[in-house]
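Overview (structure and organization)
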Amino acid sequence: MKILAGVFEQVKLRNPNEPEYLQAVEEVLESLEIVAEKYPHFVKAGIFERIVEPERQIIFRVPWVDDNGNVQVNRGFRVQYNSAIGPYKGGIRFHPSVNLSVIKFLGFEQIFKNSLTGLPMGGGKGGSDFDPKGKSDNEVMRFCQSFMNELYKYVGADVDVPAGDIGVGGREVGYMFGQYKRLTDLYHGVFTGKGLDFGGSLARTQATGYGLVYFVNEMLADVNETLEGKTVLVSGSGNVAIYACEKAQSFGAKVVAMSDSNGYVYDEEGIDLALVKQIKEVERGRIKEYAVRKPSAVYTEGCKGIWTIKTDIALPCATQNEIDEESAKALVAGGCRLVAEGANMPSTPGAIAVYQANGLLYAPGKASNAGGVATSGLEMSQNSIRMSWSFEEVDEKLQGIMKSIYKNASDAAKEFGKDGDLVFGANVAGFLKVAKAMYAQGVV
Ligand code: NDP
């Protein structure tokens, strides 16, 4: 970096001890150096200094009472990052690892992802270090209500529209939406990922995983290949992983492994997704149960080993930095030729360098997992016009959006002489729309 080196230095000074956030910013600024050279008016207008600084960061106490009558205190976050092209939009994550750095990296990535969808959505993200695992439904409800008692002041259908993420699915969104309605008397689309009976969109649950696989289809089509007969690894066994697996299987791929934060299962016969859904969605159990019930499967404790399995394609769908340099080398050694990210920032910079050095086809999450937020955008549209579209209509729109994200990212890479570099292409294509809007709106 030359022109933007000073911007990154300032970010480091202002945000010490925020490694995930600095990792995300550095990657984007590296891509944007060439844009800064080409568009000096963006430099003069301070676009780069402004885009790395959140418009607003809210941190709050979330007190609640557990089933034993003990008071618990968690920390809540909402980072409203950028509203140049629309209301803030981005999920809520409940996981013990949540802190300001994690929420800021996710919010920062969200700006570019939302821009890539072509829909009018700004970037934001929120969450808490609350762990829903092992909590009763009543405890989760009390927590969600307490979380909303503070957050409701800052969100709204035209202001900031949260959704789910790790640890936040239909149940949690329902509780938060209910409390928002109670506090405000407003019945509007303040959340996406809602239940189908109260304004949710068909195909939203499937959208991130399905969208990821539609994106993979585009990548493969460019090299005259398809998913038919390919071996695939999917990490995670949550919302994104399950529907990535389902769609990949529908195109004839063989998914041989899935995981959770404790370990992974390898099933040489191919994953029985109905069994995974029963264990994870219905019973809220652990993935190791799969190997107990399916004789062809083997369970291994620990997550990293999943990347040592021989495969054609890897779809990391669990969490940030789950593939490091060593795991990326293991993937290459096992024959992997394509990595597409369902999770946000699952590959470390070292891993990405390994993909690039070995000529893998590689899709960064901000492009390949944008189907979730895109369909959230479609849910917002349906809420605004008080209509709901069929599953097929939403799915068709999702496919169109994933195609155009792929095209925009690969065209941007070509335009700047970086053919095939989707990291660069996604960063630049996502940035340009937001930067033009910020420029037009003056120094705000
Ligand atoms: P879920 O909570 O439904 O599932 C998360 C999965 O990842 C679980 O299997 C979980 O295992 C595993 N996991 C979580 N943390 C870790 C960890 N530290 N180490 C190993 N495994 C872990 O979340 P989603 O499927 O919604 O989200 C997965 C990823 O996709 C996240 O990066 C999220 O930001 C991203 N994403 C999600 C979108 C959505 O629409 N939901 C949209 C775009 C991106 P366990 O059960 O043991 O915790």
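A few points on the structure. (Residues numbered from 1 in each chain as written. Predicted model: local features only at pLDDT ≥ 70, side-chain atom pairs only at ≥ 80, totals over all residues. Heavy atoms only, no water.)

Under the defined criterion, the tally for this structure stands at one cavity of 30 Å³ or more. By volume, the largest cavity amounts to about 60 Å³. Together, Glu 27, Glu 109, Glu 341, Met 345, Ser 347, Ile 352, Tyr 362, Pro 364, Gly 365 and Lys 366 line the largest cavity. Residue composition of the lining of the largest cavity, grouped by class: four nonpolar, two polar and four charged. (1 Å grid on protein atoms, 1.4 Å probe; cavity = no way out; pocket = protein on both sides within 12 Å on 5 of 7 lines; lining within 4 Å. Points joined across faces, edges and corners; volume = space filled by probe spheres on them. Nonpolar A, V, L, I, M, F, W, Y, C, P; charged D, E, K, R; others polar.)

Below, the discussion takes up the site of the ligand. In the vicinity of the ligand, 27 residues are found, and the nearest of them are Asp 165, Thr 208, Ser 261, Arg 286 and Asn 344. Take Arg 204: an N or O atom from its side chain is 3.0 Å from an oxygen atom of the ligand. Here an oxygen atom of the ligand sits 2.9 Å away from a polar atom, N or O, in the main chain of Val 240. Among the secondary structure elements, those contributing two or more residues to the shell around the ligand are helix H8 (204–221) and helix H9 (239–250). (Near = heavy atom within 4 Å. Polar contact = N/O pair within 3.5 Å; in protein donor to acceptor, adjacent residues only side chain to side chain. Helix = DSSP H or I, 4+ residues; strand = E, 2+ residues; numbered from the N terminus.)

Considering all chains together, one arrives at 22 aromatic pairs under this definition. Here the aromatic rings of Phe 42 and Tyr 439 are separated by 6.1 Å at their centres, their planes lie at 65°, and the arrangement is edge-to-face. Note that Phe 42 is positioned in helix H3 (residues 40–44) and Tyr 439 in helix H17 (residues 422–440), a separation of 397 residues in sequence. Residue Phe 42 is classed as buried on the basis of its relative accessible area of 2%. (Phe/Tyr/Trp six-rings, centres within 6.5 Å; stacked < 30°, edge-to-face > 60°. Buried < 20%, exposed > 50% of the residue type's maximum accessible area, 1.4 Å probe, protein only.)

This next bit is on the sheet that holds strand E10 (residues 313–316). Overall, mixed pairing links the seven strands, which are arranged E9-E8-E7-E6-E10-E11-E12 in an open sheet. Either end of the sheet is taken by a strand with one partner, and the two such strands are strand E9 (297–301) and strand E12 (361–363). Neighbour-to-neighbour, the strand axes of this sheet turn through a mean angle of 15°, independent of strand direction. Bridge count between E10 and strand E11 (residues 338–340): two bridges; the pairing is parallel. (Pairing = 2+ DSSP bridges. Axes fitted to C-alpha atoms, helices over the stretch in contact; angles between N-to-C directions.)

A negative phi angle characterises most non-glycine residues, just as the trans form characterises most peptide bonds. The phi torsion at Ala 203 lies on the positive side, around 75°, for a residue other than glycine. Along the polypeptide, Ala 203 turns up in the loop between helix H7 (170–184) and H8. Despite not being glycine, Asn 321 shows a phi value in the positive range, around 55°. The class for Asn 321 is partly exposed, based on a relative accessible area of 28%.

Further remarks concern helix H16 (residues 391–415). The end-to-end C-alpha distance of H16, which contains 25 residues, comes to 36 Å, matching closely the 36 Å that a straight helix rising 1.5 Å per residue would cover. Buried within H16 are the following residues: Val 394, Asp 395, Leu 398, Ile 401, Met 402, Ile 405, Tyr 406, Ala 409, Ser 410, Ala 412 and Ala 413. (Expected span 1.5 Å × (residues − 1).)

The strand order across the open sheet formed by five strands is E1-E2-E4-E3-E5, and the pairing between neighbours is mixed. Of all the strands in the sheet, just strand E1 (56–65) and strand E5 (160–163) have a single pairing partner and so form its edges. Taken over all neighbouring pairs, the strand axes of this sheet differ in orientation by 20° on average, direction set aside. The sheet contact formed by strand E3 (residues 88–94) and strand E4 (residues 122–128) spans five bridges and is parallel. Bridge pairing links Ile 92 to Gly 126 in E4. Lying over the sheet, helix H6 (residues 137–151) contacts E1, strand E2 (71–82), E3 and E4, oriented at roughly 140° with respect to E1. (Contact = heavy atoms within 4.5 Å.)

Attention now moves to the nonpolar core. Core analysis: the largest hydrophobic core is formed by 55 residues, its most contacted members being Phe 215, Met 258 and Leu 315. Ranked by the residues each element gives to this core, the list is headed by H8, at nine residues. Residues contacting Phe 215, with those up to four places away along its chain left out, are Ala 363, Ala 367, Ser 368, Met 402, Ile 405, Tyr 406 and Leu 422. Counting 45 residues, the second-largest nonpolar core is a separate cluster that includes Val 11, Val 79, Met 345 and Val 428. (Core = buried A, V, L, I, M, F, W, Y, C linked by side-chain atoms within 4.5 Å.)

Scope: geometric values only; no functional claims are made or implied.
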